[in-house]
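Next come the chains, spelled out residue by residue.
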Amino acid sequence: MKHTRDSDERSEEHSRVKRGNESKPTSKPHKNPKTSFNTHLRQVHSRTKSFGKVMETVIQNQWDSNFRPEWFITIRWNDLPTSYDTVEKHTRHLRNVLMTQLMRCGSPRDLPDPPGRPSAVFFHERSEEICRGRLILPFHTHLHLGKFPPPQDDYAFVYLLMHDKVAPRVKKLLKTTTLHNKGLVIKRWNREHHGSYNLKDYYKYKHHQDSDLVLDYKNSDLLF
């Protein structure tokens, strides 16, 4: 996630000299965008009584104000994780491998923040699987990935990056490439289809998991 300069701004605010003869301000007080957005979210919830609508507002705000994804990548895990903590850990490792390979960094600590690298937002969904004769609801992951700098921003580059550079370094990533059981599926991002794609899991499985955990906020580059 991106870091803010709140503490530095507060220090700067406190260090300014106050003029004793200042009159009433001539301009309107600055409106805090964060407070405004929080107010808007409360209004959405009050009007709809739906946490799903609040989540949709948060997600659409990312596409409008943070970044517009270029790629939509489905990721399946070979251990069929049913624990959110487990899939979150798998995703953190994959994210670090993806970004360090892309940016040619030796360590995740050396990675720049966006826009110095593509932004990434992760969601986790459940789907039914038969495992050893038992029906389970394991997680798979969707990555909304930002645009790569040219000439890297084409399907062939992204495919080779994910399959040749990332997959061998992520033990829990499913490596199969068969038609209906691919570990990685890479598509161009389409807002009409992918913009709210992951919210369907909130309604379908909200009694199986914490509803707000559809969005992996720990591993995503979110900006408000």
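First things first, this report covers the structure right here in the doc. Note that the structure is predicted; figures quoted are calculated from it, not measured. (Residues numbered from 1 in each chain as written. Predicted model: local features only at pLDDT ≥ 70, side-chain atom pairs only at ≥ 80, totals over all residues. Heavy atoms only, no water.)

1. Observations regarding the side chain of His90
As a reminder, the rule being used: Numbered from the N terminus, helices here are DSSP runs of H or I no shorter than four residues, and strands are runs of E no shorter than two. Whether two residues are in contact is decided by their heavy atoms, any of which lying within 4.5 Å being enough.
The residue His90 is located in helix 4 (residues 84-103) in this model. Setting aside anything within four residues of it in sequence, one finds His90 in contact with Trp77, Asp79, Pro81 and Lys172.

2. Quick look at unusual backbone geometry
Across the chain, the bulk of peptide bonds are trans and the bulk of non-glycine residues have phi less than zero. How we decide: Only protein chains enter the area calculation, which uses a 1.4 Å probe; residues under 20% of their type maximum are buried, those over 50% are exposed, and those in between are partly exposed.
A cis geometry characterises the amide bond from Pro114 onward to Pro115, with omega recorded as 10°. Along the chain, Pro115 falls in the loop between helix 4 and strand 2 (120-126). Cis geometry is found at the peptide bond from Pro150 to Pro151, where omega equals 5°. Along the chain, the position of Pro151 falls in the loop between strand 5 (139-145) and helix 5 (155-166). Of note in this structure, Arg104 is not a glycine but carries a positive phi near 55°. By secondary structure assignment, the location of Arg104 is in the loop between helix 4 and strand 2. The class of Arg104 is exposed, set by a relative accessible area of 77%.

3. A few points about the packing of helix 4 against helix 5
This is how the line gets drawn: Each axis is a line fitted through C-alpha atoms, taken for helices only over the stretch in contact, and angles between the N-to-C directions span 0 to 180 degrees. Left-handed describes a crossing whose near helix is turned anticlockwise from the far helix by less than a right angle; the clockwise case is right-handed. We call Asp, Glu, Lys and Arg charged. Ala, Val, Leu, Ile, Met, Phe, Trp, Tyr, Cys and Pro are nonpolar, and the rest, Gly among them, are polar.
In the contact formed by helix 4 and helix 5, the axes pass within 10 Å of each other and the chain directions differ by 115°. Crossing angle aside, the handedness with which helix 4 passes helix 5 is right-handed. Of the residues in helix 5, those in contact with Leu94, Val97, Leu98, Gln101 and Leu102 of helix 4 are Phe157, Leu161, Met162, Lys165 and Val166. Tallied by class, residues from the contact of helix 4 with helix 5 come to 8 nonpolar, 1 polar and 1 charged.

4. Describing the nonpolar core
We apply this condition: Take the buried Ala, Val, Leu, Ile, Met, Phe, Trp, Tyr and Cys residues and link them wherever side-chain atoms come within 4.5 Å; each set so joined is a nonpolar core.
The biggest cluster of nonpolar side chains holds 28 residues, and the ones touching the most others in it are Ile73, Ile75, Leu94, Leu143, Leu145, Met162 and Val166. The set of elements that each furnish at least two residues to this core consists of strand 1 (71-75), helix 4, strand 2, strand 5, helix 5 and strand 6 (184-188). The element contributing the most residues to this core is helix 4, with 7 residues. Discounting chain neighbours no more than four positions away, the residues touching Leu94 are Ile75, Trp77, Phe122, Val166, Val170 and Leu173. With 11 residues, the next largest nonpolar core counts Met55, Phe67, Phe123 and Leu215 among its residues.

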